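In case you want the letters, here they are:
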Amino acid sequence: MSLTPSEDRNVFLKIISHAKEYGFVFPSSEIYDGLAAVYDYGEYGVELKNNIKQLWWKTMVHLNENIVGLDAAIFMHPLTWKASGHIDGFSDPMIDNKDSKKRYRVDHLLEAKADELIEAGKNTDAEILLQTMNQLLAKEDFVTLKTLLETEKIVCQVSKTANWTEIRQFNLMFSTEVGAVAEEANKIYLRPETAQGIFVNFLNVQKSGRMKIPFGIAQIGKAFRNEIVARQFIFRMREFEQMEMQFFVRPGTEMEWYNKWKETRIKWHKALGFPSNKLKFHDHEKLAHYANAAVDIEYEFPFGFKEIEGIHSRTDFDLKNHQALSGKKQQYFDPEINQNYIPYVVETSVGADRTFLAVMCNSYQEETTQQVIKAEDGTEKSETKTRIFLKLHPCLAPIKVAIFPLVKKDGLPEKAKEIMELLKYDFNVIYEERDSVGKRYTRQDLIGTPFCVTVDYETLTDQAVTIRDRDTTEQKRVPISSLYSLISDAVSFKRIFEQL
Ligand code: ATP
């Protein structure tokens with residue numbers, strides 16, 4: 001059953017408050033009313049995010065013999081950003097409302113208008129609007145773009161007026177200064193993408209790792225963008241994390257690799273549990289300054305299909321410019337064809353935070369059941385019960401097993417802690433003895449724990465426990481000796497790798 005846009009918005013608001021209430025994501029420095037588009041990950045959020053990052057790292061680096069890892073610094077020589085084109089070209093067209101002084105990205109204003117048209121059933125009008133916008137953006141025709149805003153009667157959400165400034169480009173890089181003395185300080189940037197750390201280390205890694213083309217370098221790290229409009233929770237942040245891989249290939253073979261990586265990466269998202277109908281490719285109409293082909297993998301969030309990963313054929317743009325600006329050759333000698341060349345690059349770049357958000361949206365479940373309640377006078381009435389749980393892939397779940405003693409006495413807590421000892425070195429396990437077992441199940445459902453293990457009086461004699469499955473709520477009795485292999489099998493990354 002598909003939801004209406006307002007139901008979708010409702011679900012999204014529920015997911016945001018769930019994320020906060022149960023320790024996944026908090027607004028940054030909330031006691032000071034927060035900082036726009038900056039978020040902190042809580043006790044379960046950090047586990048989930050680490051699991052996503054670890055899964056990506058294993059898939060890209062450990063399962064591919066020709067891909068190695070790197071951890072480059074956030075600060076880089078300022079010329080890096082000249083060579084990459086970010087100083088001159090990393091900007092978005094923006095416009096200010098003169099009455100409210102509020103700043104907007106022009107494409108966001110027009111996209112919001114298109115969403116309104118779709119909600120009103122005017123899909124063709126929305127399509128034409130987006131097409132026109134893309135054409136004007138590609139030509140950087142800001143005068144006609146502004147006219148388009150006016151003819152569409154787009155107004156500021158705050159002042160409700162269309163009293164707009166001219167459209168201008170706004171650079172998204174954050175800058176700061178390095179050096180103790182103000183006059184001698186040099187302006188440096190917080191990296192807006194992790195990719196450049198890979199490019200400037202291309203020859204170091206190629207030589208130290210004796211890498212042969214085709215090969216890749218992968219990296220996970222923070223990136224910073226002064227996004228004009230902070231929207232949609234952790235979808236668009238000013239500080240976020242990217243998981244990027246640059247694949248160096250012989251010139252002329254880049255399209256073959258581009259297509260291969262497109263297929264490989266969409267399979268990864270499907271293996272995470274995203275249904276096929278919630279994923280799609282979106283080819284770029286306006287190619288970035290460095291690319292000769294580019295596609296996004298989009299996931300259908302409650303607010304629509306949006307990018308979670310970009311795959312770009314970056315040609316030799318970056319290495320060629322680094323060679324020109326640094327004066328250091330960035331060439332590779334290919335023994336198979338006896339030639340020196342600057343390699344071409346295919347990039348896969350996925351946001352850790354956007355993947356996290358997609359995983360949260362995909363796993364949030366509300367299950368309603370009808371229950372018949374018998375009153376004291378014998379009459380029966382039917383009640384609707386809602387169970388909320390996160391149907392996370394077990395390998396991503398923050399906590400793998402929760403262990404409960406049925407009661408807080410008679411040696412049951414000691415037995416439960418013995419079981420923890422068996423499991424805790426390999427799995428993230430928690431112990432819980434407060435409240436009723438039912439309430440403890442509910443708490444674990446809310447954070448997506450796939451298994452709950454209860455130790456009862458019988459355990460002391462039969463050395464068996466009750467294990468409860470989060471998704472089916474089924475309970476079965478299993479010997480303590482089989483717990484390790486049962487859990488290990490269910491939470492292994494192998495379950496995902498088998499689908500790749
Ligand atoms: P968008 O068009 O949504 O601004 P982009 O095309 O600029 O994204 P890329 O430069 O291709 O994004 O970055 C690669 C990935 O990094 C994106 O697919 C996304 O997952 C992530 N990413 C980019 N910007 C942000 C951000 N502001 N907040 C969170 N994740 C981001």
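Q: What should I look at first to understand the packing of aromatic side chains in this one?
A: Two aromatic rings are characterised by how far apart their centres lie and by the angle between their planes. Scanning all chains against the criterion turns up 21 aromatic pairs. Here phenylalanine 199 and phenylalanine 248 contribute two aromatic rings whose centre-to-centre distance is 6.3 Å and whose plane-to-plane angle is 90°, an arrangement assigned as edge-to-face. Placement of the pair is phenylalanine 199 in helix H8 (residues 195-199) and phenylalanine 248 in strand S10 (residues 239-249), with a sequence separation of 49 residues. Phenylalanine 248 matches phenylalanine 199 in its accessibility class, with the two residues each being buried. Arranged with centres 5.2 Å apart and planes meeting at 55°, the rings of phenylalanine 427 and tyrosine 484 form a pair that is tilted. In this pair, phenylalanine 427 sits in the loop between helix H13 (412-423) and strand S20 (429-431) while tyrosine 484 sits in helix H16 (residues 480-491), placing the two residues 57 residues apart along the sequence. With relative accessibility at 9%, the residue phenylalanine 427 sits in the buried group. For tyrosine 484, a relative accessible area of 36% puts it in the partly exposed group.

Q: In this structure, what is going on with the sheet that holds strand S19 (residues 401-405)? I would like to understand it.
A: Backbone hydrogen bonds hold the strands of a sheet together, and the pairing may be parallel or antiparallel. The strand order across the open sheet formed by five strands is S20-S19-S21-S22-S23, and the pairing between neighbours is mixed. Since the sheet does not close on itself, it has two edges, and those belong to S20 and strand S23 (475-479), each with one partner. With direction set aside, neighbouring strand axes in the sheet form an average angle of 25°. Where strand S22 (residues 464-469) and S23 come together, five bridges link them in antiparallel fashion. Along S23, the bridge assignment pairs arginine 468 with glutamine 475. Relative to S23, H16 is tilted by about 120°, and along the sheet it contacts S19, strand S21 (451-455), S22 and S23.

Q: What exactly am I supposed to notice about the pattern of salt bridges here?
A: The final tally for this structure, using the stated rule, is 34 salt bridges. Linking glutamate 239 and lysine 222 is a salt bridge whose minimum nitrogen-to-oxygen distance equals 2.7 Å. Placement of the pair is glutamate 239 in strand S10 and lysine 222 in strand S9 (residues 215-224), with a sequence separation of 17 residues. Residue glutamate 239 is classed as partly exposed on the basis of its relative accessible area, which comes to 32%. Overall, the relative accessible area of 30% leaves lysine 222 in the partly exposed class. In this structure, the salt-bridge partner of glutamate 336 is arginine 250, at a minimum N-O distance of 3.3 Å. One end of the pair, glutamate 336, is in the loop between strand S14 (332-334) and strand S15 (339-341); the other, arginine 250, is in the loop between S10 and helix H10 (254-271), with 86 residues separating them in the sequence.

Q: Help me understand a nonpolar patch on the surface in this model?
A: On the surface, a nonpolar cluster with roughly 250 Å² of combined accessible area is contributed by Leu406, Tyr457 and Leu460. Following the sequence through the fold, leucine 460 ends up in helix H15 (residues 459-462). Its relative accessible area of 36% is what places leucine 460 among the partly exposed residues.

Q: Hey, could you run me through the layout of surface pockets in this one?
A: A volume near 440 Å³ is recorded for the second largest pocket. If you trace the second largest pocket, you find 18 residues lining it, with Tyr104, Leu109, Ala112, Val155 and Gln157 closest to the centre. Elements with a minimum of two residues in the lining of the second largest pocket: strand S5 (103-105) and helix H5 (106-119). With five residues, the top contributor of residues to the lining of the second largest pocket is H5. In the lining of the second largest pocket, the residues fall into nine nonpolar, two polar and seven charged. Formed jointly, the lining of the second largest pocket draws a minimum of three residues from each of two domains, domain 1 (5-74 + 189-361) and domain 2 (91-170).

Q: Before we go on, may I ask you to explain the side chain of threonine 459 in this structure?
A: Within the element layout of this structure, threonine 459 appears in helix H15. Apart from the residues lying within four places of it in its own chain, the contact partners of threonine 459 are Lys415, Thr454, Ala464, Val465, Arg477 and Ile480.

Q: Please clarify how the site of the ligand should be interpreted in this entry.
A: Near the ligand, the surroundings consist of 15 residues, among which Glu227, Arg236, Met237, Glu307 and Ile308 are the closest. Within the backbone of glutamate 309, one N or O atom sits 3.5 Å away from an oxygen atom of the ligand. Taking 590 Å² as the accessible area of the ligand by itself, protein coverage stands at 86%. Broken down by secondary-structure element, the contributors of at least two residues to the shell around the ligand are S10, strand S13 (304-315) and strand S16 (344-351).

Q: What should I look at first to understand unusual backbone geometry in this one?
A: Trans is the common state for peptide bonds, and a negative phi is the common state for residues other than glycine. Cis geometry is found at the peptide bond from isoleucine 213 to proline 214, where omega equals 10°. As for its position among the elements, proline 214 is in the loop between helix H9 (202-208) and S9. Even without being a glycine, alanine 37 presents a positive backbone phi close to 65°. Of note, alanine 37 is situated in the loop between strand S1 (25-27) and strand S2 (39-41). Of note in the backbone geometry, threonine 315 takes a positive phi value of approximately 50° without being a glycine. Within the secondary structure, threonine 315 sits in strand S13.

Cut-offs and rules
Residues numbered from 1 in each chain as written. Predicted model: local features only at pLDDT ≥ 70, side-chain atom pairs only at ≥ 80, totals over all residues. Heavy atoms only, no water. Phe/Tyr/Trp six-rings, centres within 6.5 Å; stacked < 30°, edge-to-face > 60°. Helix = DSSP H or I, 4+ residues; strand = E, 2+ residues; numbered from the N terminus. Buried < 20%, exposed > 50% of the residue type's maximum accessible area, 1.4 Å probe, protein only. Pairing = 2+ DSSP bridges. Axes fitted to C-alpha atoms, helices over the stretch in contact; angles between N-to-C directions. Contact = heavy atoms within 4.5 Å. Salt bridge = Lys/Arg side-chain N within 4 Å of Asp/Glu carboxyl O. Patch = residues over 30% accessible without salt bridge, like charges linked within 9 Å, V, L, I, M, F, W, Y side chains within 5 Å. Areas by Shrake-Rupley, 256 points an atom, 1.4 Å probe, with all protein chains shown as cover. 1 Å grid on protein atoms, 1.4 Å probe; cavity = no way out; pocket = protein on both sides within 12 Å on 5 of 7 lines; lining within 4 Å. Points joined across faces, edges and corners; volume = space filled by probe spheres on them. Nonpolar A, V, L, I, M, F, W, Y, C, P; charged D, E, K, R; others polar. Domains from an automatic or database assignment. Near = heavy atom within 4 Å. Polar contact = N/O pair within 3.5 Å; in protein donor to acceptor, adjacent residues only side chain to side chain.

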